Amino acid sequence: MTHSPDAAAIAADKEAFRAFLRDHNLPATAQRLAIADTVLETDRHLSAEDVAQELKSRGASAGTATVYRTLEVLVRSGLVVERDFGEGFKRYEASRGVPHHEHLLCTVCGRVTEFRDERLERMTTLLAEAHDFSRQRHRLVIYGLCGECRRGPGRSAR
(Lines give C-alpha, C1' and ligand atoms only; values in the text may rest on other atoms or scores of the structure.)
Protein backbone atom coordinates (compact mmCIF):
# COMPACT_ATOMS: atom_id res chain seq x y z
CA MET A 1 0.00 0.00 0.00
CA THR A 2 2.19 2.80 -1.24
CA HIS A 3 0.73 6.23 -1.67
CA SER A 4 2.57 7.84 -4.55
CA PRO A 5 1.91 11.51 -3.98
CA ASP A 6 0.61 13.44 -6.95
CA ALA A 7 1.97 16.86 -7.88
CA ALA A 8 -1.25 18.70 -6.99
CA ALA A 9 -1.38 17.14 -3.50
CA ILE A 10 2.28 17.97 -2.89
CA ALA A 11 1.79 21.58 -4.05
CA ALA A 12 -1.28 21.94 -1.82
CA ASP A 13 0.64 20.58 1.19
CA LYS A 14 3.56 22.93 0.55
CA GLU A 15 1.22 25.91 0.37
CA ALA A 16 -0.58 24.73 3.52
CA PHE A 17 2.78 24.61 5.31
CA ARG A 18 3.62 28.16 4.21
CA ALA A 19 0.19 29.28 5.46
CA PHE A 20 0.75 27.48 8.78
CA LEU A 21 4.09 29.26 9.19
CA ARG A 22 2.46 32.65 8.41
CA ASP A 23 -0.46 32.00 10.75
CA HIS A 24 1.93 31.12 13.59
CA ASN A 25 4.36 33.99 12.92
CA LEU A 26 7.16 31.58 12.06
CA PRO A 27 9.65 32.54 9.36
CA ALA A 28 9.45 30.58 6.10
CA THR A 29 13.20 30.07 5.83
CA ALA A 30 14.79 28.31 2.88
CA GLN A 31 15.90 25.52 5.23
CA ARG A 32 12.40 24.98 6.65
CA LEU A 33 10.89 24.90 3.18
CA ALA A 34 13.56 22.48 1.90
CA ILE A 35 12.93 20.15 4.85
CA ALA A 36 9.17 20.32 4.24
CA ASP A 37 9.69 19.62 0.54
CA THR A 38 11.80 16.57 1.38
CA VAL A 39 9.15 15.02 3.62
CA LEU A 40 6.11 16.07 1.61
CA GLU A 41 7.48 14.88 -1.75
CA THR A 42 8.07 11.27 -0.72
CA ASP A 43 5.94 8.29 0.19
CA ARG A 44 8.71 6.91 2.43
CA HIS A 45 8.90 6.98 6.23
CA LEU A 46 11.92 9.21 6.79
CA SER A 47 14.00 9.61 9.93
CA ALA A 48 15.53 12.99 10.76
CA GLU A 49 18.85 11.54 9.56
CA ASP A 50 17.22 10.49 6.27
CA VAL A 51 15.93 14.05 5.83
CA ALA A 52 19.40 15.52 6.45
CA GLN A 53 20.95 13.06 3.97
CA GLU A 54 18.31 13.83 1.35
CA LEU A 55 18.90 17.57 1.79
CA LYS A 56 22.62 17.02 1.29
CA SER A 57 22.00 15.00 -1.88
CA ARG A 58 19.92 17.93 -3.19
CA GLY A 59 22.77 20.34 -2.53
CA ALA A 60 21.09 21.90 0.50
CA SER A 61 21.86 21.53 4.16
CA ALA A 62 20.38 22.15 7.58
CA GLY A 63 21.67 21.56 11.05
CA THR A 64 20.36 18.64 13.05
CA ALA A 65 18.49 20.93 15.44
CA THR A 66 16.82 22.71 12.50
CA VAL A 67 15.73 19.40 10.99
CA TYR A 68 14.20 18.23 14.28
CA ARG A 69 12.49 21.56 15.00
CA THR A 70 11.06 21.73 11.48
CA LEU A 71 9.79 18.15 11.71
CA GLU A 72 8.03 19.12 14.97
CA VAL A 73 6.42 22.11 13.21
CA LEU A 74 5.31 19.87 10.33
CA VAL A 75 3.73 17.45 12.82
CA ARG A 76 1.98 20.33 14.64
CA SER A 77 0.66 21.55 11.28
CA GLY A 78 -1.03 18.18 10.73
CA LEU A 79 0.72 17.73 7.38
CA VAL A 80 3.13 15.11 8.71
CA VAL A 81 2.63 12.18 11.08
CA GLU A 82 5.31 11.02 13.50
CA ARG A 83 5.82 7.25 13.78
CA ASP A 84 7.72 5.44 16.50
CA PHE A 85 8.50 1.85 15.53
CA GLY A 86 10.65 1.23 18.63
CA GLU A 87 13.91 1.57 16.69
CA GLY A 88 15.35 4.28 18.94
CA PHE A 89 14.40 7.06 16.51
CA LYS A 90 11.21 8.40 14.97
CA ARG A 91 10.13 8.37 11.36
CA TYR A 92 7.93 10.86 9.58
CA GLU A 93 5.42 10.52 6.76
CA ALA A 94 3.17 12.98 4.98
CA SER A 95 -0.38 12.57 6.27
CA ARG A 96 -2.06 13.66 3.02
CA GLY A 97 -5.46 12.41 4.18
CA VAL A 98 -4.25 8.82 3.96
CA PRO A 99 -6.67 6.45 5.69
CA HIS A 100 -5.58 4.63 8.82
CA HIS A 101 -3.09 1.92 7.95
CA GLU A 102 -0.69 -0.52 9.58
CA HIS A 103 3.00 -1.14 9.05
CA LEU A 104 5.34 -4.04 8.36
CA LEU A 105 8.91 -3.22 9.48
CA CYS A 106 11.90 -5.22 8.25
CA THR A 107 14.30 -5.63 11.16
CA VAL A 108 17.25 -6.09 8.78
CA CYS A 109 17.00 -3.31 6.18
CA GLY A 110 14.49 -1.05 7.93
CA ARG A 111 12.03 -1.02 5.00
CA VAL A 112 8.53 -0.02 6.05
CA THR A 113 5.59 -1.40 4.11
CA GLU A 114 2.10 -0.03 4.66
CA PHE A 115 -1.04 -2.12 4.49
CA ARG A 116 -4.72 -1.78 5.23
CA ASP A 117 -7.07 -4.64 5.90
CA GLU A 118 -10.75 -4.14 6.66
CA ARG A 119 -10.84 -7.51 8.46
CA LEU A 120 -8.31 -6.20 10.96
CA GLU A 121 -10.32 -3.01 11.47
CA ARG A 122 -13.46 -5.05 12.19
CA MET A 123 -11.52 -7.42 14.48
CA THR A 124 -10.13 -4.62 16.66
CA THR A 125 -13.64 -3.23 17.12
CA LEU A 126 -15.03 -6.67 17.99
CA LEU A 127 -12.21 -7.34 20.46
CA ALA A 128 -12.75 -4.01 22.17
CA GLU A 129 -16.51 -4.55 22.41
CA ALA A 130 -15.99 -8.08 23.82
CA HIS A 131 -14.07 -6.47 26.67
CA ASP A 132 -16.63 -3.67 27.19
CA PHE A 133 -14.15 -1.20 25.78
CA SER A 134 -14.86 1.70 23.46
CA ARG A 135 -12.10 1.69 20.86
CA GLN A 136 -10.75 5.07 19.78
CA ARG A 137 -7.67 4.07 17.81
CA HIS A 138 -5.06 1.36 17.48
CA ARG A 139 -1.62 0.83 16.08
CA LEU A 140 -0.11 -2.32 14.69
CA VAL A 141 3.48 -2.81 13.60
CA ILE A 142 4.56 -6.28 12.48
CA TYR A 143 8.31 -6.83 12.80
CA GLY A 144 10.10 -9.38 10.65
CA LEU A 145 12.00 -9.84 7.42
CA CYS A 146 10.95 -8.43 4.07
CA GLY A 147 11.07 -10.78 1.10
CA GLU A 148 14.33 -9.35 -0.19
CA CYS A 149 16.15 -9.78 3.14
CA ARG A 150 14.61 -13.22 3.64
CA ARG A 151 15.98 -14.38 0.28
CA GLY A 152 19.41 -12.99 1.12
CA PRO A 153 22.02 -11.14 -0.92
CA GLY A 154 22.14 -11.82 -4.63
CA ARG A 155 18.91 -13.82 -4.68
CA SER A 156 15.77 -12.53 -6.34
CA ALA A 157 12.15 -13.53 -6.24
CA ARG A 158 11.27 -16.41 -8.50
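Check the entry above for the structure.
Residues numbered from 1 in each chain as written. Predicted model: local features only at pLDDT ≥ 70, side-chain atom pairs only at ≥ 80, totals over all residues. Heavy atoms only, no water.

A. Seen up close, the packing of helix α2 (residues 30-40) against helix α3 (residues 48-57). Where α2 contacts α3, the axes come no closer than 10 Å and their chain directions differ by 110 degrees. Here α2 lies roughly perpendicular to α3, going by the angle between them. For the pair formed by α2 and α3, the contact residues are Ala 34, Ile 35, Thr 38 and Val 39 on the first element and Val 51, Glu 54 and Leu 55 on the second. Residues that form the contact of α2 with α3 fall into these classes: five nonpolar, one polar and one charged. (Axes fitted to C-alpha atoms, helices over the stretch in contact; angles between N-to-C directions. Helix = DSSP H or I, 4+ residues; strand = E, 2+ residues; numbered from the N terminus. Parallel < 35°, antiparallel > 145°, perpendicular 65-115°, else oblique. Contact = heavy atoms within 4.5 Å. Nonpolar A, V, L, I, M, F, W, Y, C, P; charged D, E, K, R; others polar.)

B. Up close: the state of the cysteines. Taken as a whole and assessed by the stated rule, the structure comprises zero disulfides. No disulfide involves Cys 149; its sulfur sits 3.6 Å from the nearest other cysteine sulfur, which is in Cys 146. (Disulfide = S-S within 2.5 Å.)

C. The sheet that holds strand β5 (residues 112-115), seen in detail. Strands sit in the order β5-β4-β6 across an open sheet of three strands; the sheet is mixed. Of all the strands in the sheet, the pair left with one neighbour each is β5 and β6 (141-144). Sheet twist, expressed as the average angle between the axes of neighbouring strands with direction ignored, equals 20 degrees. Note that strand β4 (residues 102-106) and β5 share four bridges and pair antiparallel. (Pairing = 2+ DSSP bridges.)

D. Representation of the packing of α2 against helix α4 (residues 64-77) in the model. Where α2 contacts α4, the axes come no closer than 10 Å and their chain directions differ by 65 degrees. The hand of the α2/α4 crossing is right-handed. Between α2, through Gln 31, Arg 32, Ile 35, Ala 36 and Val 39, and α4, the contact on the second element is made entirely by Thr 66, Val 67, Thr 70, Leu 71 and Leu 74. Among the residues forming the contact of α2 with α4, the class breakdown is six nonpolar, three polar and one charged. (Left-handed = near helix turned anticlockwise from the far one by under 90°.)

E. Structural context of a nonpolar patch on the surface. A surface patch of nonpolar side chains, about 290 Å² in accessible area, is lined by Met 123, Leu 126 and Leu 127. Checked against the element boundaries, Leu 126 lands in helix α5 (residues 118-130). (Patch = residues over 30% accessible without salt bridge, like charges linked within 9 Å, V, L, I, M, F, W, Y side chains within 5 Å. Areas by Shrake-Rupley, 256 points an atom, 1.4 Å probe, with all protein chains shown as cover. Salt bridge = Lys/Arg side-chain N within 4 Å of Asp/Glu carboxyl O.)

F. Looking closely at the pattern of salt bridges. One pass over the structure, following the stated rule, counts 12 salt bridges. Ionic pairing is found between Glu 41 and Arg 58, a salt bridge with its closest N-O pair at 3.0 Å. Of this pair, Glu 41 sits in the loop between α2 and β1 (46-47) while Arg 58 is found in the loop between α3 and α4, placing the two residues 17 residues apart along the sequence. One salt bridge connects Asp 117 with Arg 119, and the closest N-O pair in it is separated by 2.5 Å. Through salt bridges that share partners, Lys 14, Asp 37, Glu 41, Glu 54 and Arg 58 make up one connected network.

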